[in-house]
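Structural overview
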Amino acid sequence: MKEHIKSIFLVVLVILNFILGSKVLSTEKLWSANGYNFFVNVSNNPLSEFFRKIKSGLYEVSPVETHLEAPELIIINTGYQTSRHALLSSDKEFETLLDLSRTFLNSALSRTQQFISVPKEDFYTALTAKSIYLRYPVEYDAGLFTHLSGGSRTDFSGIFSQLQNIVISSDGYVYIEDSSTGIIYSCYTSLDTSALNEIIDSHNVGIETGNPVINYAFDLGFDKSFATQKTVLSPMIPIYSEGFEVETISVARQLSITDETYRETTISNILPLFNMNPNSLRRYTEVDGTLVFVENNATLKVSPSGCLEYIAKDDGIMLSNSNFSSSYDSVAACADFVDSINRAAKSDSVMQLSSNITASELLDNSFTITLDYIANGRPVKLGLENNEPAVSVTLTNNRMTSYKHNLRSFSVKDEIVPVENYIFALDNAISQFQSQITDIEIRELNIIYEEKLTENILIPRWNVSVKEIIID
Amino acid sequence: MKFRIMSLILCFVLAFSLLIPSVCYADYGSTIPANASGNRTDIITIKRPESLSASTSDKTYTISATGAQGTKIKIYKLDKSADIGRLASSVRSIGASGLYSCVVDLNNDSNTFIVYAQNDSGSQVVNITINKIKKSTIDRLKSLTVTIKSFLG
């Protein structure tokens, strides 16, 4: 009996030894910072990576999407102004229509030699007939846009170089406005348009839906100055006849100092993404609570408000395993990197480009890409100094040399607030500076959410973007 | 007596002088005479329809205009049987942007709207005719335009 107890005790001890031993060995803090590391190699092997992906798919939040080439607004033109319908990325039908639009776009962009310049009236005629209007948040270099939308490399010389406004007519024509010159180019795709027409016709239900009537600024003649008219609007601005109601949203600041445990876990997930080894770096806290991680080649700071800032001291980080073949690849890799940071912080935030990417910028050795959050289909303006964007990535020689990310996630609340109609909003905006303004040209007027760092609920409001202003 | 007569005349003159602007800037309520006219032609500029007449197959039409801030605009729809215009939109003042737009319903084949604008300098009346036609007719007209353009091009 005594021998039996001894044996059982021994077996338990041996098992405990294995369990505790494996726990100790798998603790990252004990891993060597330099040279060969068996555990790092094991954790990085393709099989482990495969299981990690499965695990993240099963247990973590769904992967975030950084919308690099998604429009901020789609308007379904039914041929009747009364039943025009606007879709935001938060609308269910948005993705379906976007996929369909991409088919037409990729078909047109693959046959650039068939694009011909047409009068601007043709563009407007297409918008008053049955068509789909795609408005993108920024101006894209045409080659980059094609690359991001999955198209093959094409020669755009002699036609449009930058684009932001696209119309796909119900008869299969694609109209693209060159945003640098204003010239319209059109191409016939010869694709089957039945699916497109079906969607357009399903929205031709008239004013009974209770939606406000949507007119473009050119419809109403507000894009041309006449007599004493001092306000001119960009022709493609959609003007809603009535005000409407919009949901409020709440904000969570992932890396803010409020949840110390969560913050530590998130930071430990993020450090490897910047090629930083938690065991070899120096860590200290600044007076204001900013955590600073210093390595020989880079510094990473995490501010108490949840801002992540990386500055490389050398060539920076190569964002892809292979050498970049073009600046287009590096822009796409940037988006993947932003996604990976969001995933590490368990954020399901959606982002969109907020700065134009032109051909001249892409030719420079160093250029910066900025992204902003979109929540409930609308842009979010963060409550930061100097209108700082949510994400700012600087690429130098196709390597990331600086990165700044204000981590946030948003969720739509049940509370809805009324938003006044377009012209009232414009009146209110202009009246603040009216005594000084002689002429004003409005580029964009859209509803955004504006964050205040002291509040967790964001209220929608109109945002006026001015193209030109002449002051007395 | 002479003083009384003089006072009475003075009162009449005063009353008449006060009446003149109110007649010129007559502010109409829920109706307006079909032949109403203002004393100015430069208070507002109708931007849509550009030629003060248009055709559409839509159920509504958006009338747009520009003018000085503070100008009050009312839109009446002409009731041909009564030869009178009935208020089709609530009164709205032009704001700091100087822009104005209003959606009106099109119930008949031929719709005449009387746009009445008023500010400190006087009033302006503009008649607008919107014809409602079938979509097929508009499509035929558009294809005709395209054909002509192709022929010329």
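Above this text is the structure in question.
Report follows, based on the coordinates. (Residues numbered from 1 in each chain as written. Chains lettered and ligands numbered in written order. Predicted model: local features only at pLDDT ≥ 70, side-chain atom pairs only at ≥ 80, totals over all residues. Heavy atoms only, no water.)

Let us look at the nonpolar core. Counting 126 residues, the largest nonpolar core has Phe160(A), Ile166(A), Leu233(A), Phe274(A), Met400(A), Tyr403(A) and Tyr422(A) as its most contacted members. Among the elements that line this core, the one with the most residues is helix H9 (residues 327-344) of chain A, at 9 residues. (Core = buried A, V, L, I, M, F, W, Y, C linked by side-chain atoms within 4.5 Å. Buried < 20%, exposed > 50% of the residue type's maximum accessible area, 1.4 Å probe, protein only. Helix = DSSP H or I, 4+ residues; strand = E, 2+ residues; numbered from the N terminus.)

All names here are of chain A. Of note, Glu72 is situated in the loop between strand E1 (66-67) and strand E2 (73-78). The class of Glu72 is buried, set by a relative accessible area of 13%. If we skip the residues at most four places from it in the chain, Glu72 touches Leu87, Leu88, Arg135, Tyr136, Pro137, Gln352 and Glu444. (Contact = heavy atoms within 4.5 Å.)

A few words now on the environment of Glu468(A). Residues and elements named next belong to chain A. Here Glu468 is to be found in strand E25 (residues 460-471). Accessibility expressed as a relative area gives 46% for Glu468, which makes it partly exposed. Separated by 236 residues in sequence, Glu468 and Val232 have C-alpha atoms that sit 9.6 Å apart. With residues near it in sequence (within four places) discarded, Glu468 still touches Asp439, Ile440 and Glu441.

Before going further, it helps to examine a nonpolar patch on the surface. A cluster of nonpolar side chains, contributed by Ile8(A), Phe9(A), Leu10(A), Val11(A), Val12(A), Leu13(A), Val14(A), Ile15(A), Leu16(A), Phe18(A), Ile19(A) and Leu20(A), occupies part of the molecular surface with about 1,200 Å² of accessible area. With respect to the element layout, Phe18(A) can be found in helix H1 (residues 2-25). (Patch = residues over 30% accessible without salt bridge, like charges linked within 9 Å, V, L, I, M, F, W, Y side chains within 5 Å. Areas by Shrake-Rupley, 256 points an atom, 1.4 Å probe, with all protein chains shown as cover. Salt bridge = Lys/Arg side-chain N within 4 Å of Asp/Glu carboxyl O.)

What follows is about the pattern of salt bridges. Residue and element names in this part refer to chain A. The full count for this structure, using the stated rule, is 15 salt bridges over all chains. With a shortest N-O distance of 3.9 Å, Glu286 and Lys301 are connected by a salt bridge. Taken together, the residues span a long stretch of sequence, with Glu286 in the loop between strand E13 (282-285) and strand E14 (291-294) and Lys301 in strand E15 (residues 298-302) at a distance of 15 residues. Its relative accessible area of 32% is what places Lys301 among the partly exposed residues. Salt bridges linked by common partners bring Glu69, Asp99 and Arg102 together as one network.

Time to look at the sheet that holds strand E8 (residues 99-105) of chain B. Residues and elements named next belong to chain B. With antiparallel pairing, the 3 strands of this open sheet are ordered in space as E2-E4-E8. Two strands in the sheet have a free side with no partner beyond their single neighbour: strand E2 (44-48) and E8. The sheet shows a mean angle of 30° between the axes of neighbouring strands, direction not considered. Both strand E4 (residues 60-67) and E8 contribute to a ladder of 7 bridges, which runs antiparallel. Bridge pairing links Thr62 to Val103 in E8. (Pairing = 2+ DSSP bridges. Axes fitted to C-alpha atoms, helices over the stretch in contact; angles between N-to-C directions.)

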